[in-house]
Amino acid sequence: KNEVEQSPQNLTAQEGEFITINCSYSVGISALHWLQQHPGGGIVSLFMLSSGKKKHGRLIATINIQEKHSSLHITASHPRDSAVYICAVLGPPSNTGKLIFGQGTTLQVKP
Amino acid sequence: KAGVTQTPRYLIKTRGQQVTLSCSPISGHRSVSWYQQTPGQGLQFLFEYFSETQRNKGNFPGRFSGRQFSNSRSEMNVSTLELGDSALYLCASSSPGYGEQYFGPGTRLTVT
């Protein structure tokens, strides 16, 4: 079993829909990243969070440390949101750079 | 501030050869991590350097090595290349104590 599991693996949505991607992990962590990867390979960090909730534009990320679960929500989805979304956890201690990655969720938003 | 840069962006090598990839972190960042991405295994941690010292290492054979220079630039080397080493190699830098990582564009290595 992978230490970081994401669901769903693939997601197709219509423009405007509300989207949720889930991430569960089985290891102790100091923080969790949500990353976005577009075709061509570049990775952008969307959020890093260790508790509660963060919001940036139409993106919202939440984490429940007790349940070892995080969600990424996209409101009013748009075709430009089409990408691979990757959950990655940073194991303690928090100052070491070892990320453990989920398998990624491929999102396609159709106009 | 300039982002993380990686050179070269694309590379084609033959089995048995060796390769060196370079990563320049964001100015002021002292931690550099390297990752390998393949279609089969996804993203996997290779190693992390901080202040010229390897601080953490993933589960890769000894053919994979790295180093960091005093200006925080880092290189990784793969010796005796195998077909399975074909991958996107990403580096990421972070500032001390914060943890958020900023990724470079990657180097796509093809081994024939």
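Structure: see above.
Counting from 1, residues in each chain are numbered in the order their sequence is written. Written order decides the labels, with chains lettered from A and ligands numbered from 1. Given that this is a predicted model, residues contribute local features only at a pLDDT of at least 70 and side-chain atom pairs are listed and counted only at 80 or more, while totals for whole chains, interfaces and linings are drawn from all residues. Note that the side-chain values use all heavy atoms of the structure and ignore hydrogens as well as water.

A. Local environment of the pairing of strand β3 (residues 19-25) of chain A. Residues and elements named next belong to chain A. The buried label goes to any residue with under 20% of its type's maximum accessible area, the exposed label to any with over 50%, and the partly exposed label to all in between, with areas taken from a 1.4 Å probe on protein chains only. Counting from the N terminus, the helices are DSSP H or I runs at least four residues long and the strands are E runs at least two residues long. Burial along β3 is one-sided: Ile19, Ile21, Cys23 and Tyr25 are buried, while Thr20, Asn22 and Ser24, pointing the other way, are not. Strands qualify as paired when DSSP identifies two bridges or more between them. Sheet analysis places strand β1 (residues 4-7) next to β3, joined by four bridges and oriented antiparallel. From the neighbouring strand, Val4 faces β3, where its bridge partner is Tyr25. Bridging between β3 and strand β8 (residues 69-74) involves six bridges; their strand directions are antiparallel. Pairing of Ile21 across the sheet is with Leu72, part of β8.

B. The arrangement of the state of the cysteines in detail. Two cysteine sulfur atoms form a disulfide, by the criterion used here, when they sit within 2.5 Å. For the structure on display, the rule yields two disulfides over all chains. Two residues share a disulfide in this structure: Cys23 of chain A and Cys87 of chain A, whose sulfurs sit 1.9 Å from each other. In this structure, the disulfide formed by Cys23 of chain A and Cys87 of chain A twists by about -60° around the S-S bond and is classed as left-handed. Here Cys87 of chain A lies in strand β9 (residues 83-90) and Cys23 of chain A lies in strand β3, a separation of 64 residues in the sequence. The disulfide partner of Cys23 of chain B is Cys91 of chain B, and the S-S distance across this bridge is 1.9 Å. The sign of the 75° torsion about the S-S bond sets the Cys23 of chain B-Cys91 of chain B disulfide as right-handed. With Cys23 of chain B in strand β3 (residues 19-24) and Cys91 of chain B in strand β9 (residues 87-94), this pair connects stretches of sequence that are 68 residues apart. Each of the two residues, Cys23 of chain B as well as Cys91 of chain B, counts as buried.

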